[in-house]
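So you can see what is in the structure, the chains are spelled out below.
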Amino acid sequence: MSLRFRVLGSGSDGNATLVEGGGARVLLDAGLGPRQLAERLVSAGVDPSSLDAVFVSHEHGDHARGAAAFAVKWGVPLAGTRGTLLAAGFAKAKLPGFEPVAPGETRTIRRLAVRVVAVPHDAAAPVAFVLSAGASSLGHATDLGHLSRGLVAALRACDAVLVESNYDPAMLRDGPYPWSLKERILGPLGHLSNGDVGRLLESGLSDACRLVVLAHLSRRNNHPELALQAAEEALERGGRRGVRVALAAPEGTGWIAVRASGAAAGQDEGQLRLF
Ligand SMILES: [Zn+2]
Ligand SMILES: [Zn+2]
């Protein structure tokens, strides 16, 4: 197996995804507290100090909250855009290292390539990631207001895609959030709706893609069943019956293998945590 991943947290309580491949091990986002993050790594069988880097997508607390403290405690360097570095206050922390990365750039750790892709979101310099090892690749995109051309092109190359399916528009409109927050979420720099993800799934996936993980679901403005149904209907419309859809629970998933040539599947389907 060349690439596998495991969601450690998903949604507004905190996001983090562990990815292993090409002899390297990285974390994407660290939005949980450092102790909780370490506990979830240990329960995944991973020594926190063995991580090669923590890539931070943007400075919002649910993605960056635990990053600096975790990095300092376990001696793991952080990586992110300069905008994220400044906005998250990482420049003030005594980090064991900070690797600035820019959109369009690919950072390689041993044989794991991490490509950085700009995304439209209301943060300083937010990004998504495409990770490749051997012939298999994973696209990882949470927190974006719309499907930019650059991101769609990047995801089209992936064997597996983790993407946020944040809200159901009717639930958001009728829900308790103040209108200013609703406008922010609905706007082009907010979050993706179930319907937005549907458009990606209907026509934006590579023929090789066999797995989609829906992540960062809003507790208040979405139902797992609605997100899943929207995704499955979109795949049906696109004639993509071979693509499996899984939901990342707030507390994460089990290990998920991404196999080359599109043969992506849960390593242990029983471990794939559904709601
Ligand atoms: Zn978020
Ligand atoms: Zn955000």
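Residues numbered from 1 in each chain as written. Chains lettered and ligands numbered in written order. Predicted model: local features only at pLDDT ≥ 70, side-chain atom pairs only at ≥ 80, totals over all residues. Heavy atoms only, no water.

Student: Describe the pairing of strand β13 (residues 244-247), with residues and values.
Tutor: The pairing of strand β12 (residues 211-215) with β13 spans 4 bridges and is parallel. Across the sheet, residue V212 finds its bridge partner in β13, namely V245. In the classification by handedness, the crossover that spans β12, the intervening helix α9 (residues 224-237) and the parallel β13 is right-handed. (Pairing = 2+ DSSP bridges. Helix = DSSP H or I, 4+ residues; strand = E, 2+ residues; numbered from the N terminus. Right-handed = clockwise from strand over helix to strand, strands pointing away.)

Student: Tell me about the packing of aromatic side chains, and please be specific about residues and values.
Tutor: Under the counting rule described, the total for this entry stands at 2 aromatic pairs. With centroids separated by 5.7 Å and ring planes inclined at 70°, the aromatic side chains of F55 and F129 adopt a geometry described as edge-to-face. Note that F55 is positioned in strand β4 (residues 53-55) and F129 in strand β9 (residues 127-133), a separation of 74 residues in sequence. Side by side, F55 and F129 carry an identical accessibility label, which is buried. The interplanar angle of 50° and the centroid separation of 6.3 Å between the aromatic rings of F90 and F98 together place this pair among those described as tilted. A residue is classified by how much of its surface remains accessible, and F90, at 4% relative accessible area, is buried. Across from the ring centre of W255, 3.6 Å away, lies the NZ or CZ of R4, which sits over that ring. A cation sits over an aromatic face here: K73 above W74, 5.0 Å from the ring centre. (Phe/Tyr/Trp six-rings, centres within 6.5 Å; stacked < 30°, edge-to-face > 60°. Buried < 20%, exposed > 50% of the residue type's maximum accessible area, 1.4 Å probe, protein only. Lys NZ or Arg CZ within 6 Å of the ring centre and 35° of its normal.)

Student: How would you sum up the coordination of the zinc ion (ligand 1)? Please name residues and give values.
Tutor: For a metal with four tetrahedral donors the ideal donor-metal-donor angle is 109.5 degrees, while six octahedral donors give ideal angles of 90 or 180 degrees. Coordination of the zinc ion (ligand 1) by the protein comes from D62 (OD), H63 (NE2), D143 (OD), D143 (OD) and H216 (NE2), over a distance range of 2.1 to 2.8 Å. Between the donor residues of the zinc ion (ligand 1), the gaps in sequence give the motif D-H-x79-D-x72-H. Taken as a pair, the zinc ion (ligand 1) and the zinc ion (ligand 2) show a spacing of 3.8 Å, with D143 coordinating each metal. Taken together, the residues span a long stretch of sequence, with D143 in the loop between β10 (136-141) and α5 (149-155) and H216 in the loop between β12 and α9 at a distance of 73 residues. Across the pair, H216 and D143 agree in class, each one buried. (Donors = N, O, S within 2.8 Å, 3.2 Å for Na, K, Ca; no water.)

Student: An account of the side chain of D29 is requested, with residue identities and associated values reported.
Tutor: One can find D29 in the loop between β3 (24-28) and α1 (34-43). In this structure, D29 is buried with no salt-bridge partner, the nearest side chain bearing the opposite charge being R65 at 11 Å. Of note is the side chain of D29, whose polar atom sits 2.7 Å from the backbone nitrogen of S57. Setting aside residues no more than four positions away along its own chain, D29 makes contact with N15, A16, T17, V54, F55, V56, S57, H58, H63 and T142. (Lys, Arg positive; Asp, Glu negative; His and termini not counted. Salt bridge = Lys/Arg side-chain N within 4 Å of Asp/Glu carboxyl O. Polar contact = N/O pair within 3.5 Å; in protein donor to acceptor, adjacent residues only side chain to side chain. Contact = heavy atoms within 4.5 Å.)

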